[in-house]
Amino acid sequence: MATNGVNGSAFNGDEHEGEFGHGIQVIDENKEFTSTMPEYLTATNVLQAGFSYHLISVFGSQSTGKSTLLNHLFNTAFPVMSESRRQQTTKGIWMSLATDPNASPNPDEPHLGKNILVMDVEGTDGRERGEDQDFERKSALFAIATSEVLIVNIWEHQVGLYQGANMGLLKTVFEVNLQLFQKDKATVHRSLLFFVIRDHIGHTPLENLKNTLLADLNNIWHGLSKPPGLESSSISDFFDFTFATLPHKLLQPDQFKLETQKLKLRFREESPTNATYSGDGVLDTSKNGVFLPAYHRRIPADGLPHYAGNIWRMITENKDLDLPTQQELLAQYRCDEISVVCVELFDETITPFEAALSQKIVQPGLGPAMKTALDTALSKFKEEAGRYHKVVYKRKLEDLEKKLQARLKVLYVAQLTAAHKNTIAVFADTIQKGIKRSGADFASLVTETRATVLADFTAEAEACSLDGAFSYTEELHAVEKELDEGATRLRGEEMGRLLARMEKSLRSKFTSEDDGVAYMFKTISPTLYPRIWTLFTTGVTDQISLFTQRSTALNATAEENEQAVYKLKKRAWKVLRMILDEETKEQGLITRLMGYFDKDFRYDDQGVPRVWKAGEDIEGTFAKSKETVLKLIPNLATFQLEDSSKPPLVTFIGDAPAGIEEEIGATAEEGDDEEDVFSTSSAKTFIILTPGRVTSLTESFNRQADQAFVDAKRGTISSVSQ
Ligand code: GDP
Ligand code: MG
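Cut-offs applied
- Residues numbered from 1 in each chain as written.
- Chains lettered and ligands numbered in written order.
- Predicted model: local features only at pLDDT ≥ 70, side-chain atom pairs only at ≥ 80, totals over all residues.
- Heavy atoms only, no water.
- Buried < 20%, exposed > 50% of the residue type's maximum accessible area, 1.4 Å probe, protein only.
- Helix = DSSP H or I, 4+ residues; strand = E, 2+ residues; numbered from the N terminus.
- Pairing = 2+ DSSP bridges.
- Axes fitted to C-alpha atoms, helices over the stretch in contact; angles between N-to-C directions.
- Parallel < 35°, antiparallel > 145°, perpendicular 65-115°, else oblique.
- Left-handed = near helix turned anticlockwise from the far one by under 90°.
- Contact = heavy atoms within 4.5 Å.
- Core = buried A, V, L, I, M, F, W, Y, C linked by side-chain atoms within 4.5 Å.
- Salt bridge = Lys/Arg side-chain N within 4 Å of Asp/Glu carboxyl O.
- pLDDT = per-residue confidence, 0-100.
- Disulfide = S-S within 2.5 Å.

Asker: Looking at this model, I keep getting lost on the pairing of strand E3 (residues 93-97). Mind explaining?
Answerer: Here is the key point about a regular strand: its side chains alternate between the two faces of the sheet. When you tally the buried positions in E3, you get 5 out of 5 residues, the bulk of the element. Neither face of E3 is left uncovered, since the one carrying Ile93, Met95 and Leu97 and the one carrying Trp94 and Ser96 both have all their residues buried. Pairing geometry for strand E1 (residues 24-27) and E3, over 3 bridges, is antiparallel. Each residue of the ladder has a partner; that of isoleucine 24, found in E3, is methionine 95. Where E3 lies against strand E4 (residues 116-121), 5 bridges are found, and the strand directions are antiparallel. Across the sheet, the residue bridging to serine 96 is valine 118, located in E4.

Asker: I keep staring at the packing of helix H11 (residues 442-463) against helix H12 (residues 473-510) and nothing clicks. Help me out?
Answerer: Two quantities define a packed helix pair, namely the angle between the helix axes and the distance between the axes. Remark: H11 packs on H12, axes separated minimally by 11 Å, with the N-to-C direction vectors making an angle of 160°. What the angle tells us is that H11 and H12 run roughly antiparallel. Here H11 runs over H12; the crossing is right-handed. In contact with Phe442, Val446, Arg450, Val453, Leu454, Phe457 and Thr458 of H11, H12 contributes Glu475, Leu476, Val479, Glu480, Leu483, Asp484, Ala487, Leu490 and Arg491.

Asker: Hey, could you run me through the nonpolar core in this one?
Answerer: Proteins that are soluble and globular tend to have nonpolar side chains buried together. Counting 172 residues, the largest nonpolar core has Leu117, Phe174, Phe510, Ile532 and Phe536 as the members making the most contacts within it. The element best represented in this core is helix H10 (residues 390-436), accounting for 13 residues. Dropping the residues within four chain positions of it, isoleucine 532 is found in contact with Val517, Met520, Phe521, Leu576, Leu580 and Phe639. The next biggest cluster of nonpolar side chains, apart from the first, holds 27 residues, and it includes Val118, Ala244, Leu263 and Phe267.

Asker: Hey, could you run me through the pattern of salt bridges in this one?
Answerer: Pairing between side chains of opposite charge can happen when the charged atoms of each approach one another. Under the definition given, this model contains 32 salt bridges. Glutamate 317 is the salt-bridge partner of arginine 313, the closest N and O atoms lying 3.8 Å from each other. Since its relative accessible area comes to 38%, glutamate 317 is described here as partly exposed. Between lysine 380 and glutamate 384 there is a salt bridge, with the nearest N and O atoms lying 3.0 Å from each other. Linking lysine 380 with glutamate 384, this pair stays in helix H9 (residues 366-385), spanning 4 residues, or about one helical turn. Here lysine 380 falls in the partly exposed class, since its relative accessible area comes to 24%. Taken together, the shared-partner salt bridges connect Arg137, Lys171 and Glu175 into one network.

Asker: It is not clear to me how the confidence of the model for the protein chain should be interpreted in this structure. Could you clarify?
Answerer: In regions of low pLDDT, the predicted coordinates are not meant to be interpreted in detail. Residues of the protein chain with pLDDT of at least 70 account for 90%, and the chain-wide mean is 86. Taken as a whole, residues 1-14 scores under 50 in pLDDT and shows 30 contacts with residues more than four places along the chain or in a different chain. Under a pLDDT of 50 for its full length, residues 664-673 has, in the predicted model, 8 contacts with residues more than four places off or in other chains.

Asker: Hey, could you run me through the sheet that holds strand E7 (residues 239-245) in this one?
Answerer: Strands in a sheet are paired, the pairing made by backbone hydrogen bonds, and the direction either parallel or antiparallel. Spatially, E1-E3-E4-E2-E5-E6-E7 is the arrangement adopted by the 7 strands of the open sheet, whose pairing is mixed. Both outer strands of the open sheet, E1 and E7, are each paired with one neighbouring strand and no more. Adjacent strand axes in the sheet meet at a mean angle of 25°, parallel and antiparallel pairs treated alike.

Asker: Explain the state of the cysteines here, please?
Answerer: Covalently bonding the sulfur atom of one cysteine to the sulfur atom of another cysteine gives a disulfide. A full pass over the atoms with the stated rule returns 0 disulfides. With no disulfide of its own, cysteine 335 lies 9.8 Å from the sulfur of cysteine 342, the closest cysteine sulfur. By relative accessible area, which is 0% here, cysteine 342 ends up buried.

This is the structure we're talking about:
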């Protein structure tokens, strides 16, 4: 397809073989737009050139040597009519990339511009043929909408023939140009008309030919009916002109070659900011090149296929050509296309992380990956889409950024949640392990661990925050709060364990065989309870000073300390009270009392067991011994000091500090019956033996003592009877 219509081409040789040897047929003879332009621009390395390319077209009647001229100027291979068979060769519009095989290796010398795409437009001859006129108009519109430079190819002998076919063509060019401006009055849409006068014999100097042509052009312009708003516009508002002549190719072949090589360098790269115009307003292309920046249509090369195709479609559908709208549509289309590629690029990095979201773990490397993926995608988009219509581009960039950020936000939130959980878990674990290591200072353990885990959390959050685009302040506060709550809870647990240890060691002090309560009960006397009270208060006081040392290391607050001390004192009393109950169970007491009795009644002063003899005063001794023991019982009934006052337990324990939950006796006010002996504030707490128990104890003792008396008596009788 690409080589259609190349019959008889003088260039049908080695140099231009291959798929795109003759360029591409942009518009074919059936007025169809090509689908191969992207491939062609790719093959010629123009697709990625951005704005660094040029588009020029040639116009002129059929068989005026247009294709020949282009081939000589740009080393293209457009089909040329064979000299023997005269027939039309160029059908539709062809496009080919200009190259320069004779370029000077010296980079300082003038060079043909880079990436010049040349369009060879089918010429017309019979002006009367309606169909031709239609195509001529359409191709002119197409060329003007896309090209920077329009080469107008004209025979010298046609100059001044105002009614000639060329003038008709120029009229068409001007008309369609005005048509374009109907929709787009704001943009200055400038083009260069480059007149190449062929078969210049030399009798008429270029200057005269130029003046004739300029006069004709102005005549045409004045004769046009202009759309509203453009009535007073001048031709130079839209066009620059430049003129050149060429000798007869067949009669002066060497001259022709030489001149075309010279002409070629007018299409050089430099684009002067200040163009040079001669007095009559003609652009001096020998001083500056032809490619003034103002001519560029600003369609990025990768958007050219789509743009050109759309323009052609609008033209063939006879719709008004509205270039700004076309540029916007192109921008939307291309931005979307580029966006898809950028998202694919983004996906390569991000999709694996998204797939792992369900694991709910801290994903290693997420932060840098997020940053790289976003930066890569956005910078690719900026680079490729940034050349398109600015407003559309900015909107599409925002869309893309939002879309990618939304996906990253999901990852970010999940990462923060996982990191949060992790932080708390590591904190608790480290503290627990630290506590187990003996000698660990809880307060500094907490401070250090807190700082470490928070630093880790912050580092992870910062890494994923896209340089502050995402904020983690709230999450950080939540983590800090939870850590502090955790620390308080752990300290509370530790305080609880400490209290339990203290209670245990008090209990073992109270139950010590050597100096505990049981030991003291060995000597029942009025000083029994005062001794036990002293045991209690010194034991508790010692334990409290030990406790205070330990709890300071826990970094406990004064309040927590007070509460713990209060608790310890109350628990200590409860422990003591339980031990007292145990120690004053009836059976045990009877045994102890009987011990006293026996010591007095059954043993003499030297501790030798008595053997009663007849006549000895058993009754008197018995009564005295019993009396002595019975006197001890009241001592046991009430826990009191030597002066019979109650011990200052409430003072010793002190007032309940704020925030304390009463463990025991909280319901004391419900009634006396409910009053608990374990309550430190209850009246019952000092009553060790109730009156009933005293009676029962006395009776039991009396019974056993009486039995001892009977046994003693019986012993005497039996010894007498023997
Ligand atoms: P196009 O239809 O305008 O593209 O013309 P072509 O390039 O196919 O050339 C048409 C004929 O004109 C061919 O036979 C060429 O050899 C001949 N031709 C090419 N250049 C010149 C020229 O400078 N002067 C003359 N007189 N004939 C030329
Ligand atoms: Mg041709």
